[in-house]
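As a plain string of letters, each chain reads:
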Amino acid sequence: MKLNSFDKSKELFLRATKVIPSGISGNKNPAFAVPGSFPYFAESGEGCRYKDVDGNEYIDYLAGYGPIVLGYNDPVVEAAADAQRKLGAAFNHPTPRAVELAEKLVDLIPAIDWCAFGKNGSDVTAYAIQTAREHTQRRKILMAKGAYHGSQSWCRHGLGGLIESDYEHVLTFTWNDADSVMDLVKKYDGDVAGIIITPYHHPAFADQEMPAPGFLQTLRKICDDHEIVFILDDVRAGFRLDMKGSHEYFGFKPDLTCYCKAMANGYAVSACCGSQPFKNAASRVFFTGTYYTSAVEQAASLACLDELVKSNAIEHMMKMGTMLMDGLKKTAADNGLEVRLTGPPTLPFMTFASEKNFRRSQLFSGEAAKRGVLLHPHHNWFIMRAHKEADIQRTLEVADACFAIVSKEFGKD
Ligand SMILES: Cc1ncc(COP(=O)(O)O)c(C=O)c1O
């Protein structure tokens, strides 16, 4: 079998470094994956596969870091986007698509009564914490250690350009440890505006952790008892667990909820949604951007959400994800290796049980990329509706070859 090479990706990256800071910014920089054994630039996509600039084709489990939920180039979503594009993409005002999309989300998600639209997840998580602060007239925001809520400075990710005052009112607790939340609530009694969580813990460079029984419900009670706004950041998991919101899947009710990735199958739109008591505070926060009202993305989102519901996509994705997780565990064991598969089946992740530094994961993912399967070594994966049984079977064949290479390099343990 001829293995993929990445010459054009490397060439283009060198050109990029001359005219773009770090060539590719943030988590899409090659340093975050497997430099030299991973594609850096994409060319086109169809279904669950995409091609990179070298012409290599992959069965993709990164899905653009989440947004591709139906599959690349989905005909229904593209037709809706094209129809809107013919009318115009951006105007002085929103189009009826904004109202239709807000109505659709309010119909779909019982916990919410209103929505405001942005472009990226970071827009809406920042807006949610501002809304919480405005509603409570307090300052502190509590978030789980290691959680990712976006690239804005309040999230204190990255090293450059931050000053302490950016995040001095953002405090961290330990996931699944309600006592660590309560300690902060007591310490900053009367000054905690909001608690922001993801529906389950999905940090990069770590196993995913589901909520312990009662953890999310305890947080709800803490928020009720202390008049704190409970914010669900469903940017990553939204519409991959339950169309009514991931809180339905885990049985709790947030006050504000943030959606983005799977809303529009790759079109840039995000939403901060909330229940009635928070609508006035939300309307007092200045929330806008040149493209926040762009209609093409909103038309795409309307079509994407309809498709997800109509085709019962989550059920199919759960089945495919379970097949992948079970299959990887067994294939690893057949090669004398132990792996941990964590997270829900639609957003699985794998680590090697004896791993300390991700070198096994990097070797595994790099070898998989050379064989046409894209599985990120440090970040959770995403299942799409377009993944079919034959794709999972092919993935497991490739995984078998890659586990054998890991076993040869690092030994069986
Ligand atoms: C849970 C979560 N919140 C917020 C964000 C930020 O979204 P964006 O990158 O679209 O700004 C992300 C992005 O990965 C995310 O996973």
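Residues numbered from 1 in each chain as written. Predicted model: local features only at pLDDT ≥ 70, side-chain atom pairs only at ≥ 80, totals over all residues. Heavy atoms only, no water.

A. Unusual backbone geometry, seen in detail. Unusually for a residue other than glycine, Ser22 sits at a positive phi of about 60°. For Ser22, the location among the structural elements is in the loop between α1 (7-19) and β1 (42-46). (Helix = DSSP H or I, 4+ residues; strand = E, 2+ residues; numbered from the N terminus.)

B. Layout of the packing of aromatic side chains. Applying the stated criterion across every chain yields a total of 14 aromatic pairs. Ring geometry for Phe287 versus Tyr292: centroids 4.9 Å apart, planes at 50°, classification tilted. The rings of Tyr50, Tyr58 and Tyr72 are connected pair by pair, giving a single aromatic cluster. (Phe/Tyr/Trp six-rings, centres within 6.5 Å; stacked < 30°, edge-to-face > 60°.)

C. View of the sheet that holds strand β7 (residues 192-197). Read from one edge of the open sheet, seven strands run β4-β10-β9-β8-β7-β5-β6, paired in mixed fashion. Each edge of the open sheet is held by one strand with a lone partner, namely β4 (114-118) and β6 (170-173). Between one strand axis and the next, the sheet turns by 20° as a mean value, whatever way the strands run. Judged from the four bridges that link them, strand β9 (residues 256-259) and strand β10 (residues 270-274) form a sheet pairing that is antiparallel. Across the sheet, the residue bridging to Leu256 is Gly274, located in β10. (Pairing = 2+ DSSP bridges. Axes fitted to C-alpha atoms, helices over the stretch in contact; angles between N-to-C directions.)

D. Fine view of the site of the ligand. The ligand sits among Asn120, Gly121, Ser122, Tyr148, His149, Gly150, Thr198, His202, Asp233, Val235, Arg236 and Lys261. Measuring from an oxygen atom of the ligand, one finds a side-chain N or O atom of Ser122 at 2.5 Å. One of the side-chain nitrogen or oxygen atoms of Lys261 is found 3.1 Å away from an oxygen atom of the ligand. Relative to its unbound accessible area of 390 Å², the ligand is 88% covered by the protein chains. Residue composition of the shell around the ligand, by class: two nonpolar, seven polar and three charged. (Near = heavy atom within 4 Å. Polar contact = N/O pair within 3.5 Å; in protein donor to acceptor, adjacent residues only side chain to side chain. Areas by Shrake-Rupley, 256 points an atom, 1.4 Å probe, with all protein chains shown as cover. Nonpolar A, V, L, I, M, F, W, Y, C, P; charged D, E, K, R; others polar.)

E. Up close: the domain arrangement of the protein. Each domain of the protein was delimited in the assignment, giving domain 1 (7-62 + 312-410) and domain 2 (76-310). For domain 1 and domain 2, the distance between their C-alpha centroids amounts to 27 Å. Of the residues lining the interface, 21 residues belong to domain 1; the matching set on domain 2 comes to 20 residues. Between domain 1 and domain 2 the total buried area reaches about 1,800 Å² when both faces are included, carbon and sulfur atoms providing 58% of it. Breaking the side of domain 1 that touches domain 2 down by element, the ones donating at least two residues are α11 (313-334), β11 (339-342) and β12 (349-352). (Domains from an automatic or database assignment. Contact = heavy atoms within 4.5 Å. Buried area = accessible area lost by both parts, 1.4 Å probe.)

F. Representation of the pairing of strand β2 (residues 49-52) within the structure. Here β2 shows a buried face lined by Tyr50 and Asp52 and an unburied face lined by Arg49 and Lys51. As judged from the four bridges shared by β1 and β2, these two strands associate in the antiparallel manner. Bridging from a neighbouring strand, Ala42 pairs with Asp52 of β2. The turn joining β1 and β2, which pair antiparallel and follow one another in sequence, is formed by two residues; a positive phi near 60° is taken by Gly47. The pairing of β2 with strand β3 (residues 57-60) spans three bridges and is classified as antiparallel. Each bridged residue has a counterpart across the sheet, and for Tyr50 the counterpart in β3 is Tyr58. Hairpin connection between β2 and β3: a loop of four residues separates the two successive antiparallel strands, and Gly55 in this loop has a positive phi of roughly 85°. (Buried < 20%, exposed > 50% of the residue type's maximum accessible area, 1.4 Å probe, protein only.)

G. View of helix α13 (residues 389-410). For α13, built from 22 residues, the straight-helix expectation of 32 Å at 1.5 Å per residue is met to within 8% by its first-to-last C-alpha distance of 31 Å. Buried residues of α13: Asp391, Ile392, Thr395, Leu396, Val398, Ala399, Cys402, Phe403, Val406 and Ser407, and no others. (Expected span 1.5 Å × (residues − 1).)

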